[in-house]
Amino acid sequence: MVAELLRLNVRLTLNSLSRSPRRVARAVLESAVILAAVVALIVGALLLGEMDQAFARRVVIVAGSIVSVAAIAVPAFAARVEPLDRRALRGYGLRPWRVSITLVLISFAGPALLFIVPLAFLPLLVWSDSVPASRIIGVGVLLALQLVVSWRLGRAIGSVLNPRPRVRVIVRLLLVAAAVAAAAFLALTLLPRAITRVPAAQFDWALRMLAQAGEQGYGAIVDTLAVTPLGALWAATIPAQLGIPSVWARALPIGVVTLVVLGVVWHLVVRAAFRSTWRTQAVRRRGVPGWFRGFPATPIGAVTARSLTYWVRDPRYRTVLVFLPLIPIVTLLAFWVSGMPLQWGVLIPLPLMLLLVGWSTLHNDVAYDSTAVWTLLAAQLRGRADRIGRAVPVLVIGAVLLAVGTPLTAWAFGDADVMPIVLGVGVATLFGAVGISSAESARSPYPAPRPGDAAFQQPELIGSTGALAQVGSLLLSILTAVPAIVVAVPWLLGMPGSWNWASLAVGAVVGVAVLALGIRVGGRAFDQAGPELLAFTMRN
């Protein structure tokens, strides 16, 4: 069976080259790029072996963790179908466990032999003088197995996502964001040593600051990666005297357990492909466009789907996302120009980003709807459902910003204990902005750019421009975060006590209360002033 499947795998690989010239050129180009990356890593490993071992340890763990993620993320991103479908082997009376093992073994005869195996044995080039080769080779075999199984799982995920374009787009966006974050993290890891090779006149204070942060701030992160499934086996190749003994002693067992878990998951995937299926009656959903297919047929689900459509298609909403990356740059630049400590400046960007997301479009979303408000009144939609549905996309975007920005802010501040404060202030800011905006939008709408117009193209109107509504809703949104900030001040001043956790509790309570109150007030205003709102949107 192994010989036949190996022969079939080779034939499928050769058949993949019998395509149109364009596809062949694309496949060759992709392979050349990956091969060039592998060659660059080999050269980098040789150079790394000549540097001090503490720096080499850091780079091996960080780069190895990124390779472990890429082994499953890259095929999940690029794979369309499985060349050797597991279900095609079901009719030959083969056992699933034999097929799962065989598919892993024959993978070494394909691209894995050129790309994955060299990566697994890169530590042999780095630690050739300080670690016995037998141990590195043994761990390298385990690493090769882990990467191949991960690659197989990634291809299975890619083939499952292929017929689901909406889910595939979301997964790809997440993978691209993860790739950018990983590249930035690796660059910051290499910066302290790379910057010493550049003449001092060619880099300024900013690069020096980043280099100092890289030297001082990565110890805990590297030790954490060393005992995670991503970097355990990579850490097992490092000399024991370089790291924390407890971390090094746990690395190999954690890596072995990770490999076993991946093997079990792969076996379950193959076993699921061998399970009998029954024909089911397809249920066709006609006349349900876009995002509405993915949400329940309820008033809140309908408004949520429509709001998500706005965020995806309407340039007035997308403009908000364009400004988000500029906030940290402008804020930190202002702190640097004014001479204030950057350690305190890093606490500012995340609340500002959450305030922008929660307030910018939601505080006047009724005006943004234009003539679409009549559909809500004709359907006799309750104002509470309208307020909640509009808030869902904003809360989702804010939750993503909190999940990514909170640990980054704590790392930049230099103390993980600041995370409860950042989270408490962030939750209060986001929930407060959404709650205040939900109430203000239904109570005091003002003219807004029409659908299809640019975000800053205002209609020509005589009278009020809504400055009072904008300023009032913005100030109230900022005031919502004040209690959490006040409670956090003693901790920031170094006073003893669990003030950071108290700030989180106060921020969560105040934020949830303002959100609930704002949705209630806005829903009631929407119910009472429905005809007036319809007349306003049709006129403006």
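Above this note sits the structure.
Analysis parameters
Numbering of residues starts from 1 in every chain and runs along the sequence as written. Given that the model is predicted, a residue must reach a pLDDT of at least 70 before its local features are reported, and side-chain atom pairs must reach 80 or more before they are shown or counted; all residues, however, enter totals for whole chains, interfaces and linings. Each side-chain value is worked out from all heavy atoms of the structure, with water and hydrogens disregarded. Starting at the N terminus, helices and strands are each numbered in turn, a helix being any DSSP run of H or I of at least four residues and a strand any DSSP run of E of at least two. Whether a residue is buried, partly exposed or exposed follows from its accessible area with a 1.4 Å probe, protein chains only, as a fraction of its type maximum: under 20%, in between, or over 50%, in that order. Should any heavy atoms of two residues lie within 4.5 Å, those residues are counted as being in contact. Any Lys or Arg side-chain nitrogen found within 4 Å of a carboxyl oxygen on Asp or Glu counts as a salt bridge. Fitting a line to C-alpha atoms yields each axis, with helices limited to the stretch in contact; the angle taken between N-to-C directions then spans 0 to 180 degrees. Roughly parallel means an angle under 35 degrees; roughly antiparallel means over 145; roughly perpendicular covers 65 to 115; every other angle is labelled oblique. When the near helix sits turned anticlockwise from the far one by under a right angle, the crossing is termed left-handed; a clockwise turn instead gives a right-handed crossing. The residue classification treats Ala, Val, Leu, Ile, Met, Phe, Trp, Tyr, Cys and Pro as nonpolar and Asp, Glu, Lys and Arg as charged. All others, Gly included, are polar.

> Residue-level account of the side chain of glutamine 146, with values.
With respect to the secondary-structure elements, glutamine 146 resides in helix 8 (residues 133–161). Judged by its relative accessible area of 4%, glutamine 146 is buried. Apart from the residues within four sequence positions on either side, glutamine 146 is in contact with Ser68, Pro229, Leu233, Thr258, Leu259 and Leu262.

> Outline the pattern of salt bridges, supporting the account with residue identities and numerical values.
Opposite charge on two side chains makes pairing possible when the charged atoms of those side chains draw close. Applying the stated criterion across every chain yields a total of 4 salt bridges. With its nearest N and O atoms 2.8 Å apart, the salt bridge here joins aspartate 386 to arginine 387. Comparing aspartate 386 with arginine 387, the two get one shared label, buried. Between arginine 390 and aspartate 386 there is a salt bridge, with the nearest N and O atoms lying 2.8 Å from each other. On the criterion of helical spacing, the pair formed by arginine 390 and aspartate 386 is a turn pair, its members being 4 residues apart in helix 21 (residues 383–413). Of the two residues, arginine 390 and aspartate 386, both sit in the buried class.

> Can you lay out the packing of helix 14 (residues 299–313) against helix 21 for me, pointing to particular residues and giving the numbers?
Close contact between helix 14 and helix 21 brings their axes to 7 Å; oriented N to C, the two are set at 45°. The orientation of helix 14 relative to helix 21 falls into the category oblique. The hand of the helix 14/helix 21 crossing is right-handed. Counting all contacts with helix 14, which are made through Pro299, Ile300, Val303, Thr304, Arg306, Ser307, Leu308 and Trp311, the residues of helix 21 involved are Ala385, Asp386, Ile388, Gly389, Arg390, Val392, Pro393, Val394 and Ile397. Tallied by class, the residues present in the contact of helix 14 with helix 21 amount to 11 nonpolar, 3 polar and 3 charged.

This is a description of form; function is not addressed.
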